[in-house]
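Spelled out, the chains give:
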4 protein chains.
Amino acid sequence: MTEVQRLRDELRAFAEARDWDQFHSPKNLASALAVEAAELLEPFQWLTEEQSRSLEPAQAEAIRREMADVLIYLVRLADQVEVDLLAAARDKMAENAQKYPVEKARGSARKYSDF
Amino acid sequence: MTEVQRLRDELRAFAEARDWDQFHSPKNLASALAVEAAELLEPFQWLTEEQSRSLEPAQAEAIRREMADVLIYLVRLADQVEVDLLAAARDKMAENAQKYPVEKARGSARKYSDF
Amino acid sequence: MTEVQRLRDELRAFAEARDWDQFHSPKNLASALAVEAAELLEPFQWLTEEQSRSLEPAQAEAIRREMADVLIYLVRLADQVEVDLLAAARDKMAENAQKYPVEKARGSARKYSDF
Amino acid sequence: MTEVQRLRDELRAFAEARDWDQFHSPKNLASALAVEAAELLEPFQWLTEEQSRSLEPAQAEAIRREMADVLIYLVRLADQVEVDLLAAARDKMAENAQKYPVEKARGSARKYSDF
């Protein structure tokens, strides 16, 4: 069992013990995930890119906590819709390698849209 | 080496080969993550909760791909800000167990704000 | 001068008095807008659609405040990128009337993607 | 009748003609708004702040369209939850004037969290 599967099982048990499955529809979890991702963006919004590369300890800690929330909701949603997250990421990486060949994508933000 | 560390290393190599580190400031990656999380929310926005629990194959596939993107940017951001995602999630789960004791949180969306 | 133009001028004066133009790049304002829109989504995330149609007073007040923030950043961003928001909305509505003819779009969430 | 009220009435008629009120619960509209705000962020995500201050025509046009969508969903949501957007923004501006007095907030991103 991998570490992500362990987290998935813990989250499942946590929700079941609290009878939260009724709230954890995929639709609601996708909303919660988007909200957490925005909370993670918030501490960066007025920083320059340079400042974002060397965060102060309090900022770094706040960001670490928001990243945890994003992972938690992502893993919980993946459980509900029966997606193997790591397999999905591997498939996407294989596509990206085709879509952004090194020689063409090199140093270009124009070619670049996302991974 | 865990599967998440393997993904982190692959993403790092992918970005380096394309000279994309210049675009991958934590600020920009946090934006990209928020954008992908919203793209994941999009297919759910007009569904009922019930419909979101039994997705059609095309929707399920689109959602799987967006989940991959969210994980990819989350892992890439974690690498840039030197966060151990799984350790952060474990810490957050320990806090949540304190914050939402079973007997109080049971079946309550009011108590419930996030994990 | 319309009410939106008045708000735009007030926001401009507010930012200038505080020397905030340096933070108010279009990129940063677009981030702030996305963050506020997610904060507006947050109070809805665990509600049923039915519950969202009859909000409690405290929820309604919180939502009113978040809507104000969204409008404020939207008007501020429009000022920075020199967009006439109402004209842009009118143009979009004309497109939507073409894209979603009444007889085809009637009652269909499938046809429906956005306005 | 102000221009925002006119837009509100047009959107209401548009939705009614298509029998879309069933999809336009406040919860769903808040999701759609968050999705559109993220789509507005997307074209900025890899730009520098400097680049975002002088957009290319194609980018500027894309951004104008996304801003229209954000306004449309905001006005539609305000209609459903019976919020007067401009009055809400005026109230928020009065609060902000108290919260960020000129002499303290001047040029400071630290004091600054939002409007």
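Every value quoted in this text rests on a predicted model; they were computed, and no experiment measured them.

K.L.:
Quick rundown of the packing of aromatic side chains? Include the residues and the values.
P.N.:
Under the defined criterion, the tally for this structure stands at 12 aromatic pairs over all chains. Ring geometry for A:W20 against B:Y100: centres 5.4 Å apart, planes inclined by 75°, an arrangement best described as edge-to-face. Of this pair, A:W20 sits in the loop between α1 (3-17) and α2 (26-41) while B:Y100 sits in the loop between α5 (85-99) and α6 (102-105), which puts the two residues in different chains. You'll find A:W20 and B:Y100 in the same group, each marked buried.

K.L.:
Any details on the nonpolar core? Residues and values, ideally.
P.N.:
Ranked by internal contacts, the top residues of the largest apolar core, which has 157 residues, are A:M67, B:M67, C:M67 and D:M67. Ignoring any residue separated from it by four or fewer positions in sequence, one finds C:M67 in contact with C:L40, D:L74, D:L77, D:A78, D:V81, D:V83 and D:L85.

K.L.:
Could you give an account of helix α1 (residues 3-17) of chain C, with specific residues and numbers?
P.N.:
The terminal C-alpha atoms of α1(C) lie 21 Å apart, and with 15 residues this matches the ideal 21 Å at 1.5 Å per residue to within 8%. Those residues of α1(C) that sit buried are C:E3, C:V4, C:L7, C:L11, C:F14 and C:A15. For α1(C), the arc enclosing every buried residue in end-on projection is 110°, short of the 170-degree limit, so these residues lie on one face. Residues of α1(C) that are buried make contact with α4 (57-81) and α5 (85-99) of chain C together with α1 (3-17) and α5 (85-99) of chain D.

K.L.:
So what's going on with the relation of the copies chain B and chain A? Residues and values would help.
P.N.:
Aligned on chain A, chain B shows an RMSD of 0.0 Å; the corresponding rotation is 180° and the shift along the axis is 0.0 Å. The two molecules are tied by a two-fold rotation axis, judged by turn and shift.

K.L.:
I'd love a proper account of the interface of chain B and chain A, names of residues and values included.
P.N.:
Chain B puts 75 residues into the contact, and the matching count from chain A is 75 residues. Around 6,900 Å² of area is buried between chain B and chain A when both sides are counted, 67% of it from carbon and sulfur atoms. Scanning the region where chain B abuts chain A turns up 6 salt bridges. Among the ionic pairs, A:R65 bridges to B:E95, the shortest N-O distance being 2.5 Å.

K.L.:
Tell me about the confidence of the model for chain A, and name the residues and values.
P.N.:
For any part of a model where pLDDT is low, the fine detail of the predicted coordinates should not be relied upon. This prediction gives chain A a mean pLDDT of 94; 94% of its residues lie at or above 70. Overall fold confidence (pTM) sits at 0.95, and the ipTM for the predicted complex is 0.94.

K.L.:
Requested: an account of the pattern of salt bridges, with residues and values cited.
P.N.:
All names here are of chain A. What the rule picks out here adds up to 28 salt bridges over all chains. For D79, the salt bridge identified is with R12, shortest N-O distance 2.8 Å. With D79 in helix α4 (residues 57-81) and R12 in helix α1, this pair connects stretches of sequence that are 67 residues apart. Since its relative accessible area comes to 16%, D79 is described here as buried. Overall, R12 belongs to the partly exposed group, its relative accessible area being 32%. Here the salt bridges share partners, and the residues they tie into one network are R12, D21, R76 and D79.

Calculation notes
Residues numbered from 1 in each chain as written. Chains lettered and ligands numbered in written order. Predicted model: local features only at pLDDT ≥ 70, side-chain atom pairs only at ≥ 80, totals over all residues. Heavy atoms only, no water. Phe/Tyr/Trp six-rings, centres within 6.5 Å; stacked < 30°, edge-to-face > 60°. Helix = DSSP H or I, 4+ residues; strand = E, 2+ residues; numbered from the N terminus. Buried < 20%, exposed > 50% of the residue type's maximum accessible area, 1.4 Å probe, protein only. Core = buried A, V, L, I, M, F, W, Y, C linked by side-chain atoms within 4.5 Å. Contact = heavy atoms within 4.5 Å. Expected span 1.5 Å × (residues − 1). Arc of directions from axis to C-beta. Least-squares fit on C-alpha atoms with pLDDT ≥ 70 in both. Buried area = accessible area lost by both parts, 1.4 Å probe. Salt bridge = Lys/Arg side-chain N within 4 Å of Asp/Glu carboxyl O. pLDDT = per-residue confidence, 0-100.

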